[in-house]
Amino acid sequence: MKSDEIKEAALKYFTIHGYEGASLSQIADEVGMKKQSIYAHFKGKDDLFMQVLRDAKETELSSKLDYFSELDAQHPEKDLYGFLKLTIDLFQKNEQLKFWLRMSFFPPAHLVKDVSEEVMDIENKVQAILENKFKEWLEADAIVGMNAKSVTLAFTGVVDTILIELVYGNDEQRPKDKLEACWSVFWRGISHH
């Protein structure tokens, strides 16, 4: 249990202060232990950071997998729009995912390669799930489009636009405004008018 407490404290400090600003001493104080005791659970700051990052990645992935597992081939408009709203909610309300989002855009310089691998892993998994959904919807004639891959890439472009707003913006309304604007144009492009 101690390692979970350490990761929870680390999440808080990494999110607030970034990798460089968070110290193992602060993290140890938070859980009521000496800094040296952290080494019984983690090899060091990098190991702790990467474990916190992977936990956050799993939270994002499982949230999205849970969402997709409940979809059918009948309601692409509701399901896709719901996915975009879920994305905003996850990253605005969940501390783990705020951390994940910040670190995926601003990884510690010496961990860029490791963080990028984790980011691309989840991107590829989510893209594969989306592509399968778009394929089902195209086959069911629920949407129109050239092919599932093109529609998926266009949709992930909409998701990325919202993520950029969540990372750089400090206005809670702007991501919602971006969602509405991008969504209406995207949906018009793949729906039967």
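Preceding this section is the structure that the text describes.
Cut-offs and rules
- Residues numbered from 1 in each chain as written.
- Predicted model: local features only at pLDDT ≥ 70, side-chain atom pairs only at ≥ 80, totals over all residues.
- Heavy atoms only, no water.
- Helix = DSSP H or I, 4+ residues; strand = E, 2+ residues; numbered from the N terminus.
- Buried < 20%, exposed > 50% of the residue type's maximum accessible area, 1.4 Å probe, protein only.
- Contact = heavy atoms within 4.5 Å.
- Areas by Shrake-Rupley, 256 points an atom, 1.4 Å probe, with all protein chains shown as cover.
- Lys, Arg positive; Asp, Glu negative; His and termini not counted.
- Charge placed at Lys NZ, Arg CZ, Asp CG, Glu CD.
- Core = buried A, V, L, I, M, F, W, Y, C linked by side-chain atoms within 4.5 Å.
- Axes fitted to C-alpha atoms, helices over the stretch in contact; angles between N-to-C directions.
- Parallel < 35°, antiparallel > 145°, perpendicular 65-115°, else oblique.
- Left-handed = near helix turned anticlockwise from the far one by under 90°.
- Nonpolar A, V, L, I, M, F, W, Y, C, P; charged D, E, K, R; others polar.
- Phe/Tyr/Trp six-rings, centres within 6.5 Å; stacked < 30°, edge-to-face > 60°.
- Lys NZ or Arg CZ within 6 Å of the ring centre and 35° of its normal.
- Salt bridge = Lys/Arg side-chain N within 4 Å of Asp/Glu carboxyl O.

Side note on the overall build of the protein chain
Argument step 1. Secondary structure summary: the protein chain contains 8 helices and 0 strands in total.
Argument step 2. Along the protein chain, from the amino end to the carboxyl end, the secondary structure elements read α-α-α-α-α-α-α-α.
Argument step 3. Principal-axis analysis of the C-alpha atoms places the extent of the protein chain at approximately 65 × 30 × 25 Å.
Argument step 4. Taking all 193 residues of the protein chain together, 44% fall into the buried category.
Argument step 5. By sequence separation, contacts in the protein chain at least 24 residues apart represent 68% of the contacts at least 6 residues apart.
Argument step 6. Accessible surface for the protein chain amounts to roughly 10200 Å². Of this, 51% is attributable to carbon and sulfur atoms.
Argument step 7. Within the protein chain, one finds 24 positive and 33 negative side-chain charges whose respective centroids are separated by 4 Å.

A few points about the environment of Asp72
Argument step 1. Checked against the element boundaries, Asp72 lands in the loop between helix H3 (45-69) and helix H4 (76-93).
Argument step 2. Sequence-wise, Asp72 and His110 are 38 residues apart; in three dimensions their C-alpha atoms are separated by 43 Å.
Argument step 3. Residue contacts for Asp72: discarding those within four places in its chain leaves Asp79 and Trp137.

So, the nonpolar core
One recurring pattern in soluble globular proteins: nonpolar side chains tend to sit buried together.
Argument step 1. Formed by 59 residues in total, the largest nonpolar core has its most connected members in Phe134 and Phe155.
Argument step 2. Residue assignment for this core shows that the elements contributing at least two residues are helix H1 (2-21), helix H2 (24-30), H3, H4, helix H5 (95-105), helix H6 (112-139), helix H7 (148-168) and helix H8 (173-190).
Argument step 3. Tallying contributions element by element places H7 first for this core, with 9 residues.
Argument step 4. In this structure Phe134 touches Leu80, Ile143, Ala148, Val151, Thr152, Phe155, Phe186 and Ile190, once residues within four positions along its chain are discounted.

As for the packing of H6 against H7
Argument step 1. The N-to-C vectors of H6 and H7 enclose an angle of 125°; their axes lie 8 Å apart at closest approach. One finds that H6 runs oblique with respect to H7. Relative to H7, H6 is oriented so that their crossing is right-handed. When H6 is examined against H7, the residues Gln127, Leu130, Glu131, Phe134, Lys135 and Leu138 are found in contact with a partner set consisting of Ala148, Lys149, Val151, Thr152, Leu153, Phe155 and Thr156.
Argument step 2. Tallied by class, the residues present in the contact of H6 with H7 amount to 7 nonpolar, 3 polar and 3 charged.

Regarding the packing of aromatic side chains
Argument step 1. Under the counting rule described, the total for this entry stands at 18 aromatic pairs.
Argument step 2. Between Phe49 and Phe99 the ring centres are 5.7 Å apart and the planes differ by 75°, which places this aromatic pair in the edge-to-face class. Taken together, the residues span a long stretch of sequence, with Phe49 in helix H3 and Phe99 in helix H5 at a distance of 50 residues. Phe99 shares its class with Phe49; the two are buried.
Argument step 3. Grouping aromatic residues by their ring pairs yields a cluster made of Tyr67, Phe68, Tyr81, Phe83, Phe134, Trp137, Phe155, Trp183, Phe186 and Trp187.
Argument step 4. Over the ring of Tyr19 we find Lys45; its NZ or CZ atom is 4.4 Å from the centre of that ring.

So, the side chain of Thr15
Argument step 1. For Thr15, the position within the fold is in helix H1.
Argument step 2. If we ignore the near neighbours within four places in the chain, the residues touching Thr15 are Glu95, Phe99 and Arg102.

Overview of the pattern of salt bridges
Argument step 1. Evaluated as defined, the whole model comprises 15 salt bridges.
Argument step 2. With a closest N to O distance of 3.0 Å, Glu30 and Lys12 form a salt bridge. Of this pair, Glu30 sits in helix H2 while Lys12 sits in helix H1, and the two are 18 residues apart along the sequence.
Argument step 3. On the basis of relative accessible area, Glu30 is assigned to the partly exposed category, the value being 39%.
Argument step 4. Take Lys12: its relative accessible area is 36%, and that puts it in the partly exposed class.
Argument step 5. With its nearest N and O atoms 3.4 Å apart, the salt bridge here joins Asp89 to Lys93. Remark: Lys93 and Asp89 occur in helix H4; sequence separation between them is 4 residues, near one turn of the helix.
Argument step 6. Take Lys93: its relative accessible area is 63%, and that puts it in the exposed class.
Argument step 7. Overlapping salt bridges, with partners in common, bring together Arg54, Lys57, Glu118, Asp121 and Lys125 in one network.

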